[in-house]
Amino acid sequence: MLITGATLADGRGRDVRIGDDGRIDAVAEGLDADAGEQVIEARGRHLLPGAVDVHVHFREPGGSHKETWASGSRSAAAGGVTTVVDQPNTSPPTVDGDAFDEKAALAAESLVDYGINGGVTADWDPESLFDRPLFALGEVFLADSTGDMGIDADLFADALDEATARGVPVTVHAEDATLFDERALDGDLGGIGTAATADAWSAYRTADAEVAAVERALAAAAERDARVHITHTSTPEAVDAVVEAREEGADGEGTDDPRVTCEVTPHHLYLSRERARSLGTFGRMNPPLRSEERREALFARLAAGDVDVVATDHAPHAVDEKRRGLVDAPSGVPGVETLYPLLLESVRTGELSLERVRDVVAANPAAAFGLDRKGRVAEGYDADLVLVDTTDPREIEAAALHSACAWTPFEGLRGVFPELTLVRGEVVYERDPATGAASFGEPVGRNVRDA
Ligand SMILES: NC(=O)N[C@@H](CC(=O)O)C(=O)O
Ligand SMILES: [Zn+2]
Ligand SMILES: [Zn+2]
């Protein structure tokens, strides 16, 4: 296959040839089609690396009414995400070899490539779990979230030791429940139709609780020389703590320590407590939405290059579950399909450079987790590619998205959506820009640690 006349993220015009092995054969000017070669004419559009979303919850096994590997991966493909990493808080939780195998069998339905993380509970079985092709250990929950997998400091220390001994990275959900503010949940928050919104959740799960837990996790990791990735940092203070740890661990010659990384979600970049009020219980997630001031400071750190990875924490729940009242509604929002679109809209409006976006969604997550064939449009890399008209935004509406949960916290914001998504050279998603009609390919997804 030959893609002709595309513009790369750095502005260069190039033709890209994809080999029969699904890898990029050549990135050059003036390539001519061979006899019988399929040609995609890409003039006027950008060709970007498919996003590597290292944080999704596709809910199988155990939560198929919220999302399945089929529906979640369709949503990913339609958003230009070509690799996803599934988290362990499923039912059963992915804490031993059998649970890993059960999930791996279901993941065969995935349209996009995937990794499967292992989790930690009091019942975990490190021997059988690490025997499987794990993507990473985590997210390790330092406080309860969906699935109630919160663990204490001793078990966290054990988990770091077990993973580090085997060279496996550890991803951490860092909140300290002892610093939550119980008073925020006083009063009648339970019933449908009460005035309670996710703003109370934001007051409850405090910013201090996140920052303290991040500092504790970084200290525990430094003691052991562990490779640690802090998931969904929602405060600028937590990002700064990660940047500081990275600089401290450096070799004294200005080289950052690559063993300490963090990720930020689109919801913490584009939504704040101001929006929480109109989102009602649909704006409840962990960690919660923060003040508009903190949101802006977080966005500034992304633009400045302090944030390593943007990942979605795609956490779909059914509409009727989210309507149960603030205390009983589950935490989490979907987002895998709107990751690239929201960031590309920020490129269009001049708030971010296209190269920054490419790096935080593709090149950086691939490098941070050792995926040496993912995340770049370059010779030898997997042809995981996205074609997009970066001048053509549309309004985000749940009805046009593909997650089984059928709602989005970003309703009404603008996004720049892909026209075409390839996974190792196979078309997994195609949208007719004129009619909007979408079509999907076959489930070609593979475990990226099996390759
Ligand atoms: N973020 C959330 O609020 N929810 C996630 C779990 C998690 O990442 O904490 C979920 O699985 O629903
Ligand atoms: Zn989490
Ligand atoms: Zn999560």
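Bear in mind the structure is a predicted one, so any value in this text is a computation, not a measurement.

Between helix H7 (residues 236–248) and helix H10 (residues 292–304), the shortest axis-to-axis distance is 8 Å and the interhelical angle comes to 30°. By the angle class used here, H7 and H10 are roughly parallel. The segment H7 lies against H10, with Pro236, Glu237, Val239 and Asp240 engaging Arg294, Ala297, Leu298 and Arg301. Grouping the amino acids of the contact of H7 with H10 by side-chain chemistry returns four nonpolar, no polar and four charged.

Another aspect to go through is the side chain of serine 110. Along the polypeptide, serine 110 turns up in the loop between helix H2 (97–106) and strand E8 (113–116). Taking the relative accessible area as the measure of exposure, serine 110 reaches 0% and is therefore buried. In this structure the side chain of serine 110 is engaged in a polar contact, spanning 2.7 Å, whose partner is the backbone oxygen of valine 112. Filtering out sequence-adjacent residues up to four positions away, serine 110 remains in contact with Trp69, Ser73, Pro443, Val444 and Gly445.

The next thing to look at is the packing of helix H4 (residues 153–165) against helix H6 (residues 207–224). H6 packs onto H4 with a crossing angle of 40° between their chain directions and a minimal axis gap of 10 Å. Our classification of the angle between H4 and H6 gives oblique. For H4 against H6, the interelement crossing comes out right-handed. Packed against H4, whose contacting residues are Ala153, Phe156, Ala157, Leu160, Asp161 and Thr164, the element H6 presents Arg216, Ala217, Ala220, Ala221 and Arg224 at the interface. Its residues assigned to classes, the contact of H4 with H6 comprises seven nonpolar, one polar and three charged.

Moving on, we come to the UniProt feature "binding site: Zn(2+) 2" (unreviewed entry) in the protein chain. Taking the UniProt record as the reference, the feature "binding site: Zn(2+) 2" (unreviewed entry) is found at Glu139, His173 and His232. Taking the farthest pair of C-alpha atoms as the criterion, the annotated set spanning 94 residues converges on one region, since that pair is 10.1 Å apart. Tracing the backbone shows histidine 173 in strand E10 (residues 170–173). Residue class for histidine 173 comes out buried when judged on its relative accessible area of 1%. Beyond its immediate sequence surroundings of up to four residues, histidine 173 is in contact with Glu139, Val140, Phe141, Leu142, Ala143, Ser145, Arg205, Thr231, His232, Asn286 and Pro287. When residues no more than four places from it in sequence are discounted, the contact partners of histidine 232 are His55, Glu139, His173, Glu210, Glu263, Thr265, His268, Asn286, Pro287 and Asp313. Looking at histidine 232, its side chain comes within polar contact range of the side chain of glutamate 139, at 3.3 Å.

Looking now at the coordination of the zinc ion (ligand 3). Coordination of the zinc ion (ligand 3) by the protein involves His55 (NE2), His57 (NE2), Glu139 (OE) and Asp313 (OD), with metal-donor separations of 2.0 to 2.3 Å. Of note, the donors binding the zinc ion (ligand 3) are all from one chain and are spaced H-x1-H-x81-E-x173-D. Between the zinc ion (ligand 3) and the zinc ion (ligand 2), the interatomic distance is 3.4 Å, and glutamate 139 donates to each metal, bridging them. Here histidine 57, found in the loop between strand E6 (51–56) and helix H1 (69–78), pairs with glutamate 139, found in strand E9 (residues 137–141); they are 82 residues apart in sequence, far enough to count as distant. The residues histidine 57 and glutamate 139 share a single accessibility class, namely buried.

Quick look at the packing of aromatic side chains now. Scanning all chains against the criterion turns up nine aromatic pairs. Their ring planes at 35° and their centres at 5.2 Å tell us that phenylalanine 135 and phenylalanine 369 sit as a pair that is tilted. With phenylalanine 135 in the loop between helix H3 (126–130) and E9 and phenylalanine 369 in the loop between helix H13 (354–368) and strand E14 (385–388), this residue pair connects regions lying 234 residues apart in the sequence. With a relative accessible area of 5%, phenylalanine 369 lands in the buried category. A connected cluster of aromatic rings, assembled from ring pairs, spans Phe58, Trp69 and Tyr114. A cation sits over an aromatic face here: arginine 227 above phenylalanine 369, 5.1 Å from the ring centre.

Side chains His46 and Leu48 of strand E5 (residues 46–49) all project onto a buried face; the interleaved residues Leu47 and Pro49 project onto the opposite face, where all are buried too. With four bridges joining them, E5 and E14 adopt antiparallel strand pairing. Looking at the pairing, leucine 48 lines up with valine 386 of E14.

This part covers the UniProt feature "binding site: substrate" (unreviewed entry) in the protein chain. Sequence positions flagged by UniProt for "binding site: substrate" (unreviewed entry) are, in local numbering, His57, Phe58, Arg59, Asn89 and His317. The greatest C-alpha distance among the residues just named is 13.3 Å, despite their covering 261 residues of sequence, which places them together in space. In contact with histidine 57, not counting residues within four places along its chain, are Asp86, Gln87, Asn89, Glu139, Asp313, His314, Ala315 and Pro316. Polar side-chain contacts of histidine 57 include one of 3.1 Å to the side chain of glutamate 139. Relative to the helices and strands, arginine 59 is located in the loop between E6 and H1. Residues within four places of arginine 59 in sequence aside, it is in contact with Ser64, Lys66, Glu67, Asp86, Asn89, Thr90, Thr146, Ala315, Pro316 and His317.

Here the focus is H10. Taking 1.5 Å of rise per residue, the 13 residues of H10 would be expected to cover 18 Å, and the 18 Å separating its terminal C-alpha atoms lies within 8% of that figure. Three or more residues of H10 are buried, namely Arg295, Leu298, Phe299 and Leu302. All buried residues of H10 fall inside an arc of 100° around its axis, so they share one side. Among the exposed residues of H10, those oriented more than 90 degrees off its buried face are Glu293 and Ala304. Against the buried residues of H10 lie H7, strand E12 (260–264), helix H8 (266–270), strand E13 (309–310), helix H12 (339–348) and H13.

Parameters and conventions
- Residues numbered from 1 in each chain as written.
- Chains lettered and ligands numbered in written order.
- Predicted model: local features only at pLDDT ≥ 70, side-chain atom pairs only at ≥ 80, totals over all residues.
- Heavy atoms only, no water.
- Axes fitted to C-alpha atoms, helices over the stretch in contact; angles between N-to-C directions.
- Helix = DSSP H or I, 4+ residues; strand = E, 2+ residues; numbered from the N terminus.
- Parallel < 35°, antiparallel > 145°, perpendicular 65-115°, else oblique.
- Contact = heavy atoms within 4.5 Å.
- Nonpolar A, V, L, I, M, F, W, Y, C, P; charged D, E, K, R; others polar.
- Buried < 20%, exposed > 50% of the residue type's maximum accessible area, 1.4 Å probe, protein only.
- Polar contact = N/O pair within 3.5 Å; in protein donor to acceptor, adjacent residues only side chain to side chain.
- Left-handed = near helix turned anticlockwise from the far one by under 90°.
- UniProt positions renumbered as here; feature names shortened; annotations may be inferred.
- Donors = N, O, S within 2.8 Å, 3.2 Å for Na, K, Ca; no water.
- Phe/Tyr/Trp six-rings, centres within 6.5 Å; stacked < 30°, edge-to-face > 60°.
- Lys NZ or Arg CZ within 6 Å of the ring centre and 35° of its normal.
- Pairing = 2+ DSSP bridges.
- Expected span 1.5 Å × (residues − 1).
- Arc of directions from axis to C-beta.

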